[in-house]
Amino acid sequence: MMSDAVKLTFDGPIAIVSYDRPEKHNAADDAMDRRLFEILAELHERPGLRAVIWRGEGKSFSSGRDTSQLGVRTEDISDFEFIERGHRGTRLLLTLPAPILVALKGWVIGGSLERALLCDLRIAGESAKLRLPELAHGVLPDSGGTARLFQMAGHGLAADLALTGRVMTAEEALRHGVVSRVVPDERLDETALEMARAIAEAPELTVKLFLRTLRRLANPLVERSLAEESVAQSLVFASEDYRELKAARAEGREPRYRGR
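For the structure given in this document, a descriptive report is provided here. As the structure is a prediction and not an experimental result, all values here were calculated from the model.

Thoughts on helix 8 (residues 188–201)
Then, in step 1: Across its 14 residues, helix 8 extends 20 Å between first and last C-alpha, which sits within 8% of the 20 Å expected from 1.5 Å per residue.
Then, in step 2: Residues Leu188, Thr191, Ala192, Leu193, Met195, Ala196, Ile199 and Ala200 constitute the buried set of helix 8.

Put into structure tokens, the structure is as follows:
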């Protein structure tokens, strides 16, 4: 079944994709992912599309993967197949025929941050708090965000955020070029719409050719990273260390890792 927690509306030639699970800070489950990918596929075929805004209802853009579903498979498929299927959906962000602008606020965590990084523009409300906490859950960032962070801010910031899981504020994200603007939360949606309308008013062919140039520069590294992440995450799910982490948490004890 598809989720009703991802909405699609339009403002003329501008598509607005909204997460609508505010009671969970828009934490994404399998149904939400399926609906998001369905919407992105629809937008690939929509004539006259000039810009896309991706936003969240409530206090946060998205707190990432619903942690109750980490490592859970609802279908009889392998870890590798599950990850690769998610990557096929994520790649739709790289090929959408109009610029994607993401409006970030509150929690922006894990895979939701990574997918936002793959879009063309990011603006942040002052409340935005960005995190990559995957390693603390025994898994890897696996949606291309490592490559994009590396491109934007270098090895050091990508390593810091992923290895420590710390929070990056909106102002720090602006300093590193991870977002291009920071505005008060109450002006975030208004600013995103203003930016999207400015894009929509520019000549359509010129915008498409600029996007083609920009994405040909940026996306090859992301594609290589996704290929590496599929294999690495599959190995993690099958590892003794990952089983030990889950067992230790269930038993309320310190884990004993063996590096295998």
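There's plenty left to go through after this.
Here we look at the pairing of strand 1 (residues 6–11)
Then, in step 1: Where strand 1 and strand 2 (residues 14–19) come together, six bridges link them in antiparallel fashion. Bridge assignment links Thr9 to a residue of strand 2, and that residue is Ile16.
Then, in step 2: Linkage of strand 1 to strand 2, two consecutive antiparallel strands, is achieved through a turn of two residues, within which Gly12 is found at a positive phi near 60°.

Some points on helix 4 (residues 110–117)
Along an α-helix, residues three or four positions apart point the same way, because every turn accommodates 3.6 residues.
Then, in step 1: Counting buried positions over the eight residues of helix 4 gives seven, a clear majority of the element.
Then, in step 2: Taken together, the buried positions of helix 4 are occupied by Gly110, Ser112, Leu113, Glu114, Arg115, Ala116 and Leu117.

A short note on the packing of aromatic side chains
Then, in step 1: Counted according to the given criterion, the structure contains four aromatic pairs.
Then, in step 2: A ring pair is formed by Trp54 and Phe61, whose centres lie 5.3 Å apart and whose planes are at 75°; its orientation type is edge-to-face. Here Trp54 matches Phe61 in class, with each residue buried.
Then, in step 3: Look at Phe237 and Tyr242: their rings are 5.4 Å apart centre to centre, the planes differ by 70°, and that puts the pair in the edge-to-face class. The same class applies to Phe237 and to Tyr242, which are both buried.
Then, in step 4: An aromatic cluster of three or more residues is present, and its members are Tyr19, Trp54 and Phe61.
Then, in step 5: Cation over ring: Arg46 sits above Phe10, and NZ or CZ is 3.7 Å from the ring centre.

Some points on unusual backbone geometry
Then, in step 1: In this structure, His25 takes a positive phi of about 50° despite not being glycine.
Then, in step 2: Mapped onto the elements of the fold, His25 is located in the loop between strand 2 and helix 1 (30–44).
Then, in step 3: Residue His25 is classed as partly exposed on the basis of its relative accessible area, which comes to 30%.
Then, in step 4: In the Ramachandran plot, Asn26 falls in the positive-phi region, its phi being about 60° despite a non-glycine side chain.
Then, in step 5: Structurally, the position occupied by Asn26 is in the loop between strand 2 and helix 1.

Describing the sheet that holds strand 5 (residues 107–109)
Then, in step 1: Within the open sheet, the three strands sit side by side as 5-7-8. Their pairing is mixed. Since the sheet does not close on itself, it has two edges, and those belong to strand 5 and strand 8 (168–169), each with one partner.
Then, in step 2: As paired strands, strand 7 (residues 129–131) and strand 8 are joined by two bridges and run antiparallel to one another. When the sheet's bridge partners are listed, Leu130 is paired in strand 8 with Met168.
Then, in step 3: Here helix 4 sits on the sheet in contact with strand 5 and strand 7, set at roughly 85° to strand 5.

Conventions used here
- Residues numbered from 1 in each chain as written.
- Predicted model: local features only at pLDDT ≥ 70, side-chain atom pairs only at ≥ 80, totals over all residues.
- Heavy atoms only, no water.
- Helix = DSSP H or I, 4+ residues; strand = E, 2+ residues; numbered from the N terminus.
- Expected span 1.5 Å × (residues − 1).
- Buried < 20%, exposed > 50% of the residue type's maximum accessible area, 1.4 Å probe, protein only.
- Pairing = 2+ DSSP bridges.
- Phe/Tyr/Trp six-rings, centres within 6.5 Å; stacked < 30°, edge-to-face > 60°.
- Lys NZ or Arg CZ within 6 Å of the ring centre and 35° of its normal.
- Contact = heavy atoms within 4.5 Å.
- Axes fitted to C-alpha atoms, helices over the stretch in contact; angles between N-to-C directions.

The values are spatial; any link to function lies outside them.
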